[in-house]
Amino acid sequence: GQQVMQIPQYQHVQEGEDFTTYCNSSTTLSNIQWYKQRPGGHPVFLIQLVKSGEVKKQKRLTFQFGEAKKNSSLHITATQTTDVGTYFCAGPGEGGSEKLVFGKGMKLTVNP
Amino acid sequence: EPEVTQTPSHQVTQMGQEVILRCVPISNHLYFYWYRQILGQKVEFLVSFYNNEISEKSEIFDDQFSVERPDGSNFTLKIRSTKLEDSAMYFCASSPYQWAAEQYFGPGTRLTVT
């Protein structure tokens, strides 16, 4: 079945560092979404990418959708303690499904 | 800013009991969803609901589960006879758009089955 994989599962960085996390789908996606879940919280929608090769920025976060629309990346510059949480990518299910298929998430911790 | 609300925040129940989890989606949204998240794991789709009927359900959503929109605002998930493995965080989500567009999640109900 369709799978959405994220690497790494855990990322520990020093405050101020940059890093990139990746999301790979087993199928081509019509769009990809990123969500952030703070510890003890709920997923919060961050962004949706639709076009092949699309790049979107939100302050220190840069999201990219791969050319083949099967992978995506999230790059965070100058990490802050407020960035702590689990970042999930999600894509629509196969065959025009309405559901979102989530990856397992990338849990970010930041050393101040 | 409008948000999805869910009640209760935590529900403890005994195995075999029925539970009803409640959600109030964002008022102008038309598409509603239930997801669950077992502690430390990924978010899993349960069911989507549009125009007063289920539009899609996962293999997790068996005959023990049902959803309802009893009035213009509430959206409920009922588990008829809870099992230990139903213990999880249950999230309601709503979207103004169809086809797995951006979804807005509620704060969740933590269900503990003992």
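For the structure itself, look to the data block above.
First, a word on what this report is: a plain description of the structure on this page.

The rules behind these values
- Residues numbered from 1 in each chain as written.
- Chains lettered and ligands numbered in written order.
- Predicted model: local features only at pLDDT ≥ 70, side-chain atom pairs only at ≥ 80, totals over all residues.
- Heavy atoms only, no water.
- 1 Å grid on protein atoms, 1.4 Å probe; cavity = no way out; pocket = protein on both sides within 12 Å on 5 of 7 lines; lining within 4 Å.
- Points joined across faces, edges and corners; volume = space filled by probe spheres on them.
- Helix = DSSP H or I, 4+ residues; strand = E, 2+ residues; numbered from the N terminus.
- Salt bridge = Lys/Arg side-chain N within 4 Å of Asp/Glu carboxyl O.
- Buried < 20%, exposed > 50% of the residue type's maximum accessible area, 1.4 Å probe, protein only.
- Pairing = 2+ DSSP bridges.
- Axes fitted to C-alpha atoms, helices over the stretch in contact; angles between N-to-C directions.
- Disulfide = S-S within 2.5 Å.
- Contact = heavy atoms within 4.5 Å.
- Polar contact = N/O pair within 3.5 Å; in protein donor to acceptor, adjacent residues only side chain to side chain.
- Phe/Tyr/Trp six-rings, centres within 6.5 Å; stacked < 30°, edge-to-face > 60°.

### Description of the layout of surface pockets
- Taken as a whole, the largest pocket spans an internal volume of roughly 570 Å³.
- Lining of the largest pocket is provided by 26 residues; of these, Gln37 and Thr86 of chain A together with Gln37, Gly40 and Gln41 of chain B occupy positions nearest its centre.
- Taken together, the elements giving at least two residues each to the lining of the largest pocket come down to strand E9 (85–92) and strand E11 (106–111) of chain A together with strand E9 (88–95) of chain B.

### Focus: the pattern of salt bridges
All names here are of chain A.
- Inspection of the entire model under this criterion finds three salt bridges over all chains.
- A salt bridge links Arg60 to Asp83; its shortest N-O distance comes to 2.8 Å. A residue pair is termed long-range when its members are at least 10 positions apart, and Arg60 in the loop between strand E6 (55–58) and strand E7 (61–65) and Asp83 in the loop between strand E8 (71–76) and E9 qualify at 23 residues.
- By relative accessible area, which is 5% here, Asp83 ends up buried.

### A short note on the pairing of strand E4 (residues 31–37) of chain B
Residue and element names in this part refer to chain B.
- Across the seven residues of E4, seven count as buried, placing the element largely inside the fold.
- Judged by which residues are buried, E4 turns out to be covered on both faces: Tyr31, Tyr33, Tyr35 and Gln37 on one side and Phe32, Trp34 and Arg36 on the other are all buried.
- As paired elements, E4 and strand E5 (residues 43–50) share seven bridges and run antiparallel to each other. Looking at the pairing, Tyr33 lines up with Ser48 of E5.
- Connecting the antiparallel pair E4 and E5 is a turn made up of five residues, with Gly40 showing a positive phi of about 80°.
- Bridging between E4 and E9 involves seven bridges; their strand directions are antiparallel.

### Examining the sheet that holds E8 of chain A
Residues and elements named next belong to chain A.
- Here five strands make up an open sheet; going across it, the order is E1-E3-E8-E7-E6 and the pairing antiparallel. The open sheet has two edge strands with one neighbour each: strand E1 (4–7) and E6. Neighbour-to-neighbour, the strand axes of the sheet open up by a mean angle of 15°, direction not taken into account.
- When E1 meets strand E3 (residues 19–25), the two strands line up antiparallel, connected through four bridges. In the strand pairing of E3, Gln6 is matched with Cys23.

### Looking at the state of the cysteines
- Scanning the entire structure with this criterion turns up two disulfides over all chains.
- The disulfide bridge from Cys23 of chain A ends at Cys89 of chain A, spanning 2.0 Å between sulfur atoms. Its torsion about the S-S bond being 80°, the disulfide of Cys23 of chain A and Cys89 of chain A is classed as right-handed. Here Cys23 of chain A, found in strand E3, pairs with Cys89 of chain A, found in strand E9; they are 66 residues apart in sequence, far enough to count as distant.
- In this model, Cys23 of chain B is linked to Cys92 of chain B through a disulfide, with the two sulfur atoms separated by 2.0 Å. Between Cys23 of chain B and Cys92 of chain B, the S-S dihedral sits near -60°, and the bridge is therefore left-handed.

### What to know about the interface of chain B and chain A
- At the interface, 21 residues of chain B touch 19 residues of chain A.
- For the pair chain B and chain A, the interface holds zero salt bridges.
- Here chain B and chain A share four residue pairs in polar contact (both at pLDDT 80 or more) between them.
- Counting only elements with at least two residues in the side of chain B that touches chain A, the list comes to E4, E5, strand E6 (53–57) and strand E10 (104–105) of chain B.

### Comments concerning the packing of aromatic side chains
- Taken as a whole, this structure holds 17 aromatic pairs over all chains when the rule is applied.
- Between Tyr33 of chain B and Tyr35 of chain B, the ring centres sit 6.2 Å apart and the planes meet at 35°, which makes this aromatic pair tilted.
- Residue Tyr33 of chain B is classed as buried on the basis of its relative accessible area, which comes to 0%.
- Site record: aromatic cluster; members linked through ring pairs are Tyr35, Phe45, Phe88 and Phe102 of chain A together with Tyr33, Tyr35, Phe45, Phe91, Tyr104 and Phe105 of chain B.

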